[in-house]
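In case you want the letters, here they are:
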Amino acid sequence: MDRRRNLLCLILALLLSVSSSSAQSYLGVNYGEVADNLPSPDATARLLKTTTISKVRLYGVDANFIRAMAGSKISLVIGASNGDIPSLATDPSAASRWISANVLAFPDSQISTISVGNEVLELGDASLASQLLPAMQNLCNAAVAAGGAAAGLKITTVNTMAVLSQSDPPSSGAFHPDLNSNLQQIVAFLQKTNSPFMINPYPYFAYQSDPRPETLAFCLFQPNAGRLDAVSKITYMNMFDAQLDAVKSALGRLGFPGTEIVVAETGWPYRGDSSEAGANLENAKAYTTNLISHLRSQVGTPLMPGKSVDTYLFALYDEDLKPGPTSERSFGLFHPDLTPTYDVGLMSGGTSIAPSTTPPQSGNSSNSPTSNMWCVPKNDVSDPELQSALDYACGQKVVDCGPIQPGGACYEPNTLRSHAAFAMNQLYQVAGRNSWNCDFSQSAVLTSTNPSYSSCVYPGGQ
């Protein structure tokens, strides 16, 4: 019977992926509750319904919140705790009871995924790690047996970047050898059931270990010289893409290059202790704004192009009861009074101007807004720099890159330089027409010569 149910689980997962994968959005948020000052579940649900967030990840099962989300189009990831794993792994009836109590009890809420445990493989508990896959299999079987919407649940687990022994350069990505046996079986299950491999990339922690200005720009999606992967010959323009492609490479080495990757957590703290480099409001806003813009651009990563990886921002609120440094309690996008910690354009219909690519230079009279000027690439700019500027500019909500799309007035000539020039000028014009708005990591220059041609009109300062 178990074998038949496993087969049914795989078939239903495959059918579901064919019918619904194209409709899924990519922007989610983590709803942690290690706090004593959170708004009510109903208030949180109302807040979420006014944003562009389409997914919420819980670390457990909050019945009141799940009920409050009933009837919304926001999908939910719920969690089975690490403490649940032993019983779920050894007792199929426990898995059936778990599905009944935590999924079937909420028929009007869109529960899409169950995350079994959290960062289990990194705990160093061999016994618990060995029970992770059986728990996932039993929950899958129980969901299939329950039928209806439950049969289409994705069953997965969440990992940190610590499961990788190597991640730089991205092409060298590999899992720790002592985890390979467990991961081989777990990822095989994920691929067969069309469930994602969930990972927590944090460029913030990469910057902590290498706090140079050029590393900060690389981590914040700001224009930079890029980092060449000498093996793949790919120049990476941001740490987020580099980390995800390292995971992609590791999955390929394990034998599962087609497994979907989902970002379960990523974020940047808006404050920290004096020893925590880069933990401040300006950097948090820059990272989150530029990450969202990068996702909205649908560019993807060099190894996963043309589609944004589903990404859950960390986190909806601060969690004031968390131990550790100040940064651990300072990731919240919203305050308990439901006001934004900083504006990143998450509210429905909301807009936010992207942060400047470089700060103003005080005492320089040339930094005042200029008239009848256009921003274009310098003559000696490399293709990676042009691509970085193009991605950055078109990723901003205030920039209209429609004219350089196929059929647009500025699509021809279809060259990287021409498209980048149009996009860079668009951002320069709407961001204030200051000299620092036409910097793009020193790859752009202002000109008084109008670059418009034929029916392609470059907006210019008046």
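Within each chain, residue numbers correspond to sequence positions counted from 1 in written order. The predicted origin of the model limits local features to residues at a pLDDT of at least 70 and limits the giving and counting of side-chain atom pairs to 80 or more, whereas totals for whole chains, interfaces and linings rest on all residues. Side-chain figures throughout are based on the complete set of non-hydrogen atoms in the structure, without hydrogens or water.

Re the overall build of the chain
Secondary structure summary: the chain contains 13 helices and 16 strands in total. Counting across all 462 residues of the chain, residues that qualify as buried make up 52%. Working rule for contacts: check all heavy atoms of both residues, and any pair within 4.5 Å makes them a contact. Considering only residue pairs separated by 6 or more positions, the chain has 72% of its internal contacts joining residues 24 or more positions apart. Summed over all atoms, the accessible surface of the chain reaches about 19400 Å², with 53% contributed by carbon and sulfur. By the criteria applied, helices consist of DSSP H or I runs no shorter than four residues and strands consist of E runs no shorter than two, each listed in order from the N terminus. Under the scheme applied here, a residue whose accessible area is under 20% of the maximum for its type counts as buried, over 50% as exposed, and between as partly exposed, the area being computed with a 1.4 Å probe on protein chains only. The protein chains shown are the only cover counted for residues, whose accessible areas, like all others here, come from Shrake-Rupley with a 1.4 Å probe.

Observations concerning the sheet that holds strand β1 (residues 27–31)
Paired strands, as defined in this entry, are two strands with at least two bridges between them according to DSSP. Strand order in the closed barrel formed by 8 strands is β1-β2-β3-β4-β5-β8-β11-β14, with parallel pairing between adjacent strands. This sheet shows a mean twist of 25° between the axes of neighbouring strands, independent of strand direction. Direction of pairing for strand β5 (residues 154–160) relative to strand β8 (residues 197–200): parallel, over a ladder of 3 bridges. Paired with N159 across the strands is I199, a residue of β8. Axes here mean lines fitted to C-alpha atoms, for a helix over just the part in contact, with angles spanning 0 to 180 degrees between N-to-C directions. Across the sheet, helix α6 (residues 126–146) touches β4 (111–118) and β5, and the angle it forms with β5 is around 155°.

What to know about the pattern of salt bridges
Counted as salt bridges are all cases of a side-chain nitrogen of Lys or Arg within 4 Å of a carboxyl oxygen of Asp or Glu. Applying the stated criterion to the full structure yields 8 salt bridges. Two residues, R212 and D210, come together in a salt bridge whose shortest N-O distance is 2.8 Å. D318 serves as the salt-bridge partner of R271, at 4.0 Å between the closest nitrogen and oxygen. With R271 in the loop between β11 (261–266) and α11 (281–296) and D318 in the loop between β14 (311–313) and β15 (374–377), the pair connects residues that are 47 residues apart, well separated along the chain. One network of salt bridges, in which partners are shared, links D210, R212, E214 and R227.

Section: the environment of G83
Within the secondary structure layout, G83 lies in the loop between β3 (75–80) and α4 (85–90). Taking the C-alpha atoms as reference points, G83 and G117, separated by 34 residues in sequence, lie 7.9 Å from one another.

So, the packing of α6 against helix α7 (residues 180–192)
Packed helices, taken two at a time, are described by their axes: the angle between them and the distance between them. Axis separation between α6 and α7 bottoms out at 9 Å; the angle between their running directions is 15°. Taken together, α6 and α7 sit at an angle that is classed as roughly parallel. In this structure, α6 crosses over α7, and the sense of that crossing is left-handed. Along the contact surface, α6 presents A129, S130, L132, L133, M136, Q137 and C140, while α7 presents N182, Q185, I186, F189 and L190. Put simply, angles under 35 degrees are roughly parallel, angles over 145 are roughly antiparallel, angles from 65 to 115 are roughly perpendicular, and the rest are oblique. Crossings are classed by handedness, with left-handed meaning an anticlockwise turn of the near helix from the far one by less than a right angle and right-handed meaning a clockwise turn.

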